[in-house]
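# Descriptive analysis of the structure
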Amino acid sequence: MTKFFTLLGREVKSFFYSPIAYVVMFFFLLITGFNFYIGVSLLNRGPSEVTVIEAFFNTVLFWIAYLLIFPLITMRTFSEEFKMGTIETLMTAPIRDWQVVISKWLGCLVFYVILWVPSLLYFAVFQWTTKSEAAHAMGAYAGSYLLLLLMGMFYIAIGCFASVLTRNQIIAAVISFCAITILLFAGLLSFIVLNMTPGLRDFVAYFSAVEHMGEFSKGVIDSRPIIYYTTMTVLMLVLTHQVFQARKWKL
Amino acid sequence: MIKVENLTKRYAGVTAIDNISFEVGKGEIVGFLGPNGAGKSTTMRILSSFMPATAGRASIAGFDVFENSLEARAHLGYMPENVPLYTEMRVTEYLIYRAKLKGVTGRRLKERIGDVKELCSLRDVENRIIGTLSKGYRQRVGLAEALVHEPDLLILDEPTIGLDPNQIRQVRELIKNLGKHHTILLSTHILPEVEMTCSRVIIINKGRIEASDTPQNLLDQLRTAGGVRLEAKTGSDNGVAELQKIAGVKDVTVEREGDWETFLLKTESKGDVREEVWRLAVDRKWAVRELSRRKATLEDVFVEITHADV
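Below, the structure is looked at part by part.

Definitions and limits used
Residue positions are counted from 1 within each chain, in the order its sequence is given. Each chain is given a letter, starting from A, and each ligand a number, starting from 1, according to the order in which they appear as written. The predicted origin of the model limits local features to residues at a pLDDT of at least 70 and limits the giving and counting of side-chain atom pairs to 80 or more, whereas totals for whole chains, interfaces and linings rest on all residues. We call a set of buried Ala, Val, Leu, Ile, Met, Phe, Trp, Tyr and Cys residues a nonpolar core when their C-beta atoms link them within 7 Å. Burial is judged by counting the other C-beta atoms within 10 Å of a residue's own C-beta: 20 or more makes it buried, 12 or fewer makes it exposed, and any count in between marks it as partly exposed, with every C-beta position built from the backbone. Secondary structure counts use DSSP, requiring at least four H or I residues in a row for a helix and at least two E residues in a row for a strand, with both numbered from the N terminus. A pair of strands is considered paired only if DSSP assigns at least 2 bridges between the two. Any pair of residues counts as being in contact when their C-beta atoms, constructed from backbone geometry, are within 7 Å of one another. Every angle, taken between N-to-C directions, lies between 0 and 180 degrees, and every axis is a line fitted to C-alpha atoms, over only the stretch in contact when it is a helix. Asp, Glu, Lys and Arg are counted as charged, while Ala, Val, Leu, Ile, Met, Phe, Trp, Tyr, Cys and Pro are counted as nonpolar; the rest, among them Gly, fall into the polar class. An angle below 35 degrees is treated as roughly parallel, one above 145 as roughly antiparallel, one from 65 to 115 as roughly perpendicular, and anything else as oblique. Put simply, a crossing is left-handed when the front helix is turned counterclockwise from the back one by less than a right angle, and right-handed when it is turned clockwise.

Counting residues in hydrophobic clusters, the biggest one holds 121 residues, and the most contacted among them are F154(A), I156(A), A157(A), Y94(B), A144(B), I155(B) and I184(B). The leading source of residues in this core is helix α8 (residues 138-165) of chain A, at 15 residues. Formed by 10 residues, the second largest nonpolar core is a distinct cluster that contains V249(B), L265(B), V273(B) and V277(B).

The following block contains the structure:
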């Protein structure tokens, strides 16, 4: 276990060695801050049906920023080690392949969580200035942030999988960006294709991140998305592990 | 310490190593020689469990590198070619990270980090970022890293490549000292280095082992090893014919430069015919301005073995 935490520690720290982490954090804060400003302005216009949490998590700007961070966080995980040749020193140490895969995935997840921490401040400021109790259902917070964590787990696992496929970080970023975008837009099909059968509509809604967020940010915590994201995360990590081990296949 | 049996590795139709077998005993320093692409790095990568062999077995300290890979790796300090390092980390930080990965903890961790920094003269740069270090220092960081868990066996792939002559000398000294406590398998192109550091040489060419012996024995076995060089004025004599009469001379070539002729006599590797040549020169009243012996080097062995078909 010590070895695993040593690996994890390096993965988390490696974000802060490079300027990428700070650039990503800066622009992510800028976009989410702007997004929050828009949400609050909307609420200021008059009586509204949505809470500040819903207004924050269900905008186009939120989803754009959200799509972009995953390729940026995950593209270097494996690709960089392949390119620099450090994979050879890493894998000739007495450690197991799965320890490397999980530590890389978890390292990204830790950074992703750190990325979200400042956003809590927005809501704290909102509460402090408005002194409104009604806008602050704890369920809505719990739901939104739980879903953020679940989606993060899955999308980071996709990113790690893309990165283990290639030694080129740009290619890894393109693959994960496309995969996550397609997943997201597939969930929006029910808005585009209007003559869907109800069964198909339900099926699409099952993996629609936008719809999940709509529910969770109201504080409605559904078990189906929880199961969906966890199983898909496990699946992607197993695939990543398989590809990572492929170099050991006796051909 | 190392046992390799009938090891074969094929990549997409290309046979990188072809049914090789060898052993390295405890305490040996073995030099692994061969032209580029001969299969040195491939063999080392298989030994370090980085890639599997297509066929055959290899074990380190009794542990199969494929089936008991973790135990085998725990006994091994491996420095890959070109020494890949995390360039954004600091020297001490990197060594601590690697030591922990190799299971060195607690008080021993602190001791070992201090020891390897001392051994590899890294004290001056311990807080520097690896990316800012010169090639020589990086090489030493790589070596320190390979040594940090006190492995029984060190495998070093081209430890002196890209270093300047002073650095090469330092690394060579270091390796020689390490040989007192560790078994070492190192690959290199630099032949004088092998003659100076290694107790045994394995020459590999086109994926096959061509020779495996002490440097001295290899020199002795060399067919066209030694030679004598004579610069003389032979006047009207046929120098080549006279010299060829000497017992032990296998071949004589000559170059003319005015009145002076330079004869190159090829002999058996152990044979020294200088005395006979001198007597002949005195008898025939040749004027001599140089009579010297050329010793065979490992380079001759290498060229003879790896270019046998040329």
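Having seen the model, we can carry on.
All names here are of chain B. Strand order in the open sheet formed by 4 strands is β2-β1-β4-β5, and the pairing between neighbours is antiparallel. A single partner strand is all that each edge strand has here, and the edge strands are β2 (14-24) and β5 (63-64). When strand β4 (residues 55-60) meets β5, the two strands line up antiparallel, connected through 2 bridges. Bridging across to β5, S59 finds its partner in D64. The strands touched by helix α1 (residues 40-47) within the sheet are β1 (2-11), β2 and β4, with β1 carrying the most contacts at an inclination of about 115°.

Bringing the interface of chain B and chain A into the picture now. With 23 residues of chain B at the interface, the matching set in chain A holds 19 residues. Listing elements by their share of the side of chain B that touches chain A, those giving two or more residues are α2 (69-74) and α3 (91-101) of chain B. At 4 residues, the largest contribution of residues to the side of chain B that touches chain A is made by α3(B). Tallied by class, residues from the side of chain B that touches chain A come to 12 nonpolar, 6 polar and 5 charged.

The next point concerns the packing of helix α1 (residues 2-17) of chain A against helix α7 (residues 97-130) of chain A. Residues and elements named next belong to chain A. Two numbers describe how α1 lies on α7: the axes approach to 8 Å, and their chain directions differ by 40°. Considering their axes alone, α1 and α7 lie oblique with respect to each other. With respect to the hand of their crossing, α1 and α7 are arranged in right-handed fashion. Contacts from K3, F4, L7, L8, E11, V12 and F15 of α1 reach α7 at Q99, V100, S103, K104, L106, G107, V110 and F111. When the residues that make up the contact of α1 with α7 are grouped by side-chain class, the tally is 9 nonpolar, 3 polar and 3 charged.

Residues and elements named next belong to chain A. One way to put it is that α8 packs onto helix α12 (residues 209-216) with a least axis distance of 8 Å and a crossing angle of 155°. Classified by the angle their axes make, α8 and α12 are roughly antiparallel. Crossing geometry of α8 relative to α12 is assigned as right-handed. On α12, the residues touching G143, S144, L146, L147 and M151 of α8 are A209, H212, M213 and F216.

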